[in-house]
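Take a look at the letters that make up each chain.
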Amino acid sequence: MAGMKIRKAVIPAAGMGTRFLPATKVMPKEMLPLVDKPLLQYGVEEAVAAGCDEVILITGRGKVTMEDHFDRAPELEASLERRGKLELLEAVREVTRLARIVVTRQSEPLGLGHAVLQAKEIVGDEPFCVILPDDVVTHGEPCMKQMVCAFEKTQSSILGSEIVEGDAIQNYGCLECTVDADDPRLLRVTDMVEKPKPQDAPSQNAIIGRYILTPRIFQLLEELKPGAGGELQLTDAIKALIQYEKVYGYRFKGTRHDAGDKFGFLKATVDFALERDDLGPAFREWLRTRNF
Ligand code: G1P
């Protein structure tokens, strides 16, 4: 595995988005926009910034708009061109040039582990990354890029991680780990548990929706039995991986928002809007007038 590069990103996007109903009754939750770009596009852009040229979308029924988003739109493009709206035209075209998008389906909602397993044949025998588009991370250096840099040193599986407060750990995969002696951002993982009861959590180190995985994970996913919530849990397969290979957590730089949750989505929207050159200054002024 020495010197292997991460070229492929898997983006699981087959979920039903129940936390955002009724908005997600017909629209995939991954297409909810932060300002003017869908969550999914941020995920694809992060994969590309990390060096990937192929993105494997795991989709399901009623989710074809996600594929269309990355495809050419001849009538729209012609209309924008005719009307001289060249900046918008470029924004629309840019999306289609980001990466090679490969789509495969998860036909039953059997869990995140099962979703990732659907990419087995397309990924093949090489390390790859997984980005959950609900989790958005803001930082000058995109989160997956930071993790790919860490992978270049370790050549091992790496899980994005952050410390969460109190009982919140019960909503995440949780790491039992020790801090690496040479790099305080790296955590050597010794055990993992999916969504533990707070009193059973081995630490407050939560897994966030960013993973770099070695291809052995597919074999372990195939052998997996249902875990928490009766689902095939990616966390359980990675726990099995620890018996064969080193697995690290990585304390990324930046702020993470759970944009799959209404409150997290609102916070992400505000943060993203404030960072925009075109909207930020006026939006900041307007927020000041709200007298919070
Ligand atoms: C999934 C994983 C969990 C991880 C989380 C990060 O859970 O199963 O281990 O901590 O993503 O967002 P979900 O949020 O899909 O229930």
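Residues numbered from 1 in each chain as written. Predicted model: local features only at pLDDT ≥ 70, side-chain atom pairs only at ≥ 80, totals over all residues. Heavy atoms only, no water.

Caption draft 1: Summary view of the packing of aromatic side chains. For the structure on display, the rule yields four aromatic pairs. Look at Phe283 and Trp286: their rings are 6.2 Å apart centre to centre, the planes differ by 10°, and that puts the pair in the stacked class. In this pair, Phe283 and Trp286 are both assigned in helix 11 (residues 280-288), three residues apart and thus about one turn of the helix distant. Look at Trp286 and you get partly exposed, because its relative accessible area is 44%. (Phe/Tyr/Trp six-rings, centres within 6.5 Å; stacked < 30°, edge-to-face > 60°. Helix = DSSP H or I, 4+ residues; strand = E, 2+ residues; numbered from the N terminus. Buried < 20%, exposed > 50% of the residue type's maximum accessible area, 1.4 Å probe, protein only.)

Caption draft 2: Examining the site of the ligand more closely. The local shell around the ligand holds 13 residues, among which Asp135, Gly173, Glu194, Lys195 and Ile207 are the closest. For the ligand, an oxygen atom lies 2.9 Å from a polar atom in the backbone of Gly173. The side chain of Glu194 places a nitrogen or oxygen atom 2.7 Å from an oxygen atom of the ligand. The leading source of residues in the shell around the ligand is strand 11 (residues 205-213), at four residues. Of the residues contributing to the shell around the ligand, the split by class is six nonpolar, four polar and three charged. (Near = heavy atom within 4 Å. Polar contact = N/O pair within 3.5 Å; in protein donor to acceptor, adjacent residues only side chain to side chain. Nonpolar A, V, L, I, M, F, W, Y, C, P; charged D, E, K, R; others polar.)

Caption draft 3: Geometry of the nonpolar core. Residues Val55, Met144, Ile158 and Ile212 are the most contacted members of the largest nonpolar core, which totals 33 residues. For this core, the secondary-structure elements that each account for two or more residues are strand 1 (8-12), helix 1 (39-49), strand 4 (54-59), strand 6 (128-131), helix 7 (143-154), strand 11 and strand 12 (247-251). Of the residues forming this core, the biggest block, six residues, is contributed by helix 7. Non-local contacts of Val55, meaning those with residues more than four positions away in its chain, are made with Ala9, Ile11, Val44, Ala47, Ala99, Arg100, Ile101 and Val102. By size, the runner-up hydrophobic cluster in this structure holds 31 residues, among which are Val130, Leu159, Ile207 and Ile242. (Core = buried A, V, L, I, M, F, W, Y, C linked by side-chain atoms within 4.5 Å. Contact = heavy atoms within 4.5 Å.)

Caption draft 4: Just the packing of helix 10 (residues 262-275) against helix 11, in detail. Contact geometry for helix 10 and helix 11: axes closest at 6 Å, N-to-C directions at 125°. By the angle between their axes, helix 10 is oblique relative to helix 11. Along its contact with helix 10, which presents Val270, Ala273 and Leu274, the element helix 11 presents Gly280, Phe283, Arg284 and Leu287. Among the residues making up the contact of helix 10 with helix 11, the classes are represented as five nonpolar, one polar and one charged. (Axes fitted to C-alpha atoms, helices over the stretch in contact; angles between N-to-C directions. Parallel < 35°, antiparallel > 145°, perpendicular 65-115°, else oblique.)

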